[in-house]
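Listed below, chain by chain, are the residues.
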Amino acid sequence: MILLTGATGYIGSHTWVELLARGYKVVGVDNFSNSNPLVLKRIKSLTQMEPIFHELDVGNPNLLDVFEKYPITAVIHFAALKAVGESVQKPVEYYQNNLLGLLNLLKLCRSHGVHQFVFSSSATVYHPENPVPYQENMRLGSGSPYGWSKVMSEQILRDFEMAYPALKVAYLRYFNPVGAHESGMIGEDPRGIPNNLMPYISQVAVGKRDYLSVYGGDWPTIDGTGVRDYIHVMDLAEGHVVALQYLAEKQQSITVNLGVGQGTSVLQLLSAFEIASGRKIPYRVVDRRAGDIAECYADVTLTHQLLNWKTKRSIDQMCLDAWRWQSKNPNGYES
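Throughout what follows, the structure given in this document is the object of discussion. (Residues numbered from 1 in each chain as written. Predicted model: local features only at pLDDT ≥ 70, side-chain atom pairs only at ≥ 80, totals over all residues. Heavy atoms only, no water.)

To continue, consider the packing of aromatic side chains. Per the counting criterion, the structure on display carries six aromatic pairs. Consider the rings of Phe32 and Phe53, whose centres lie 5.3 Å apart with planes at 40°: the pair is tilted. Linking Phe32 in the loop between strand E2 (26-30) and helix H2 (38-47) with Phe53 in strand E3 (residues 52-55), this pair joins segments that are 21 residues apart in sequence. Overall, the relative accessible area of 12% leaves Phe32 in the buried class. Between the aromatic rings of Phe160 and Tyr164, the centroid separation amounts to 4.9 Å while the plane-to-plane angle is 40°, which identifies the pairing as tilted. Its relative accessible area of 34% is what places Tyr164 among the partly exposed residues. Of the aromatic side chains, those joined through ring pairs into one cluster are Tyr126, Tyr134 and Phe175. Positioned above the aromatic ring of Tyr171 is the side chain of Arg158, whose terminal nitrogen or guanidinium carbon lies 3.8 Å from the ring centre. A cation over a ring is seen here: Arg209 above Tyr200, with NZ or CZ 5.7 Å from the ring centre. (Phe/Tyr/Trp six-rings, centres within 6.5 Å; stacked < 30°, edge-to-face > 60°. Helix = DSSP H or I, 4+ residues; strand = E, 2+ residues; numbered from the N terminus. Buried < 20%, exposed > 50% of the residue type's maximum accessible area, 1.4 Å probe, protein only. Lys NZ or Arg CZ within 6 Å of the ring centre and 35° of its normal.)

Another aspect to go through is the pairing of strand E1 (residues 2-5). Residues Ile2 and Leu4 point to one face of E1 and Leu3 and Thr5 to the other, with burial holding for every one of them. In the sheet, E1 pairs with E2 via four bridges, with the strands oriented parallel. Considered in E2, the bridge of Leu3 is made with Val27. Crossover E1 to E2 through helix H1 (residues 10-21) is right-handed. The pairing of E1 with strand E4 (residues 74-77) spans four bridges and is classified as parallel. Looking at E4, one finds that Thr5 is bridged to His77. (Pairing = 2+ DSSP bridges. Right-handed = clockwise from strand over helix to strand, strands pointing away.)

Paired through backbone hydrogen bonds, the strands of a sheet run either parallel or antiparallel to each other. Across the sheet, three strands lie side by side as E12-E9-E14; this open sheet has mixed pairing. Only two strands of the sheet have a single neighbouring strand rather than two, namely strand E12 (264-265) and strand E14 (295-296). Of the strand pairs in this sheet, strand E9 (residues 227-228) and E14 are connected by two bridges, and their pairing is parallel. Paired with Arg228 across the strands is Cys296, a residue of E14.

What follows is about the state of the cysteines. Taken as a whole and judged by the stated rule, the model has zero disulfides. No disulfide involves Cys296; its nearest neighbouring cysteine sulfur is the one of Cys319, lying 18 Å away. (Disulfide = S-S within 2.5 Å.)

Under the criterion given, the structure shown has 13 salt bridges. Linking Lys90 and Glu86 is a salt bridge whose minimum nitrogen-to-oxygen distance equals 3.8 Å. Relative accessible area serves as the criterion here: at 34%, Glu86 is assigned to the partly exposed category. As a salt-bridge pair, Arg324 and Asp321 come within 2.5 Å of each other at their nearest N and O atoms. Here Asp321 and Arg324 lie together in helix H11 (residues 315-328), a separation of three residues that amounts to about one turn. Arg324 sits in the partly exposed class, given a relative accessible area of 29%. Judged by its relative accessible area of 2%, Asp321 falls in the buried class. Three or more residues joined by partner-sharing salt bridges are found here, namely Asp235, Glu238, Lys312 and Arg313. (Salt bridge = Lys/Arg side-chain N within 4 Å of Asp/Glu carboxyl O.)

Keep in mind that these numbers describe shape and distance, not what the molecule does.
Printed below as a string of C-alpha cells:
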C-alpha cells in the first residue's frame, strides 16, 4: 500500500487518481491547509473507488496510527507549504512545517520498515546563477525559504540514506505543474490570489480577475517576458508512478528533473490559453519581482535515460485542460 501525504492537494490528488488507475492501493493523509475535502468525492466519482483517507498533519504523532493500521510499502511525500513569495514573509513557518513533517515521516518509515520514498522536490533547489537548462548535478541554492526548505529536505534524506542504506529515495525536481485532469473534475484551486501563472490566467478568463500582471517585459528572452518549463499535472502524476516502479525494480535511489525540457514565455502561454478558451486575456506589464530570473527550464536527458519516460502533453493540451477545469468550476471546488 502507498502512503500519499498532501493527498488532496493539486498534485497529490492527480497522482492519487493515476495510482488507483494503475491498480495501486493508496491511503491518503492531508490536513486541508491548502486543499478541499470535496476532492475526495471527486476522486471517488472518477475512479469508482472510495478513497482511504485520514485527516492528519504529517507532523502529528497520530500519523503513527496510519503506519500501524495499513501495510505501507512506500511513501510519496507531497505535504509541504509551497508558495515562494509567502515563504519570504513566513520563513519560520516554512522551515518548521516542511522539515519537521519530513523528519516525523522518516522516523515512522524507519520503525516500520518502509524502504521506498518518493520525494516532491522542486526546480527551486537550483542556484539561480546556474545556466539553463538545469542539470541534476548543478550547484544547489535558492532565493527563498521555500527553496531552501527543499534543499535541506534533500540533504536530510541523503543523510538518512547513509545511516539506513535500505531506504531508497526518488528525488523528483519538478518545474511548473499546470493543467488539470481531462475530465475537468479535479484541478488547481488556489486560495486567495494565485501564486502561479496558469491559475491566474484562468481566473482572468473566467471573469474572477480583471487582468493579468506580467512581471517584467524587458527580460533577455524571446519576447521580453519570463520563460518557464510547464509540465502537465497528469504527466507529472505519471512521473511519480514511474519513479515508484523504478525504486521497486532497481532498488536504487535516483535524482531527476521532471519537466518538458523546453521553456515557454508568459506571452506564449497567454496566447495558447486565449486559443484554448476563445477569450481575450487582458494583461499589464509591471515591474519585475525581486528574486525572479529570466529563464528556468529543465534538462531531461537523465530522466529519459534512467526512467525511460517522457512527457506526452503539449502546452495546448495544458491550456485546454486548465480551461475545462476552470470553466466547469469557476470558483474551484466550492462552485
